[in-house]
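# Summary of the model geometry
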Amino acid sequence: MRLTRREQLPATPEEVYAVLTDPAFQEAKCEATTDGGAYEARVTATATGHRVHTSRELPADGLPDVARSFVGSTLTVVEDYEWGAAAADGSRAAVVDLHVKGAPLTLKGVLRLEAVGAGSAEVLDAELKANIPFVGGKIEKAAAEPINAAVGIEVELLRERLGG
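Here's what I pulled together on the structure shown here. (Residues numbered from 1 in each chain as written. Predicted model: local features only at pLDDT ≥ 70, side-chain atom pairs only at ≥ 80, totals over all residues. Heavy atoms only, no water.)

### Side note on the overall build of the chain
Note the following rule: Numbering of helices and strands runs from the N terminus; a helix is a DSSP stretch of H or I covering at least four residues, while a strand is a stretch of E covering at least two. Two things to know: the radius of gyration comes from C-alpha atoms, and the globule rule equals 2.2 Å times the number of residues to the power 0.38. Each residue is placed in one exposure class: buried if its accessible area under a 1.4 Å probe, protein chains only, is under 20% of its type's maximum, exposed if it is over 50%, and partly exposed if it falls in between.
Of regular secondary structure, the chain possesses 4 helices and 7 strands. In sequence order, the chain lays out its α and β elements as β-α-α-β-β-α-β-β-β-β-α. Over its C-alpha trace the chain gives a radius of gyration of 16 Å, about what one expects of a compact globule, namely 15 Å for 164 residues. Along the first, second and third principal axes, the C-alpha set of the chain runs to 45 × 30 × 30 Å. A burial count over the chain gives 46% of its 164 residues as buried.

### Some thoughts on the packing of aromatic side chains
Condition: Any Phe, Tyr or Trp ring, taking Trp's six-membered ring, that has another such ring centre within 6.5 Å forms a pair; planes under 30 degrees apart are called stacked, those over 60 apart edge-to-face, and the others tilted. Look at NZ for Lys and CZ for Arg. If either is within 6 Å of the ring centre and within 35 degrees of the ring normal, a charge sits over the ring.
This structure, assessed with the given rule, holds 1 aromatic pair. On the basis of an interplanar angle of 80° and a centroid distance of 5.4 Å, the ring pair of Tyr 17 and Trp 83 is categorised as edge-to-face. Taken together, the residues Tyr 17 in helix α1 (residues 13-20) and Trp 83 in strand β4 (residues 74-83) connect sequence positions 66 residues apart. A relative accessible area of 2% means that Trp 83 is categorised as buried. The ring of Tyr 17 is capped by Arg 92, whose NZ or CZ atom sits 3.7 Å from the centre of that ring.

Now the structure itself:
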C-alpha cells in the first residue's frame, strides 16, 4: 500500500532539517505519540547528514486480531531515517525504514525536504507492506491510519517548533 503525504512548512529546508535532527524534538515526538509507552530516541551525525533512530512502544488496540496475534497487546515501532547531504537549495532526502518488532509489517521509502518559495515542503513517499498471506492488505489498511495519525502529530510539533 502506497503512503504519500505532502506538508507545507513555514521555514526553509535547512531550518526544518535542524529541528528534525534535534534530539529534543525526537524525544518530544516519541512522548507525544506513545500514550505513556516506553521509547528511545537517538540522533547521530554521519559523513553527509544525520541518522535518526526512534523506538516506541504503542498499544495494539486498533489492529485486527490476526495482527495482534503477532505483536500482543503492544507493539514496538522502530523508525530509522538516514539523511543525505543538502542540495544547493538546502533540500535533502532521507531513506525511511520503519518496522514493527515481531511482525512482518514495514514502511520503506523516502522523506524529502523541498524548497518552496520562502518555506518548504516535507514529502513522504513510502510503501507500507504486511507480508502475511490473505490478510496482509487488511493489516496494511489498519496500520495506515495510526501511521498517518503519528505523522500528523509530528508535523504539528514541527510547525510549533518552527513558529508557524
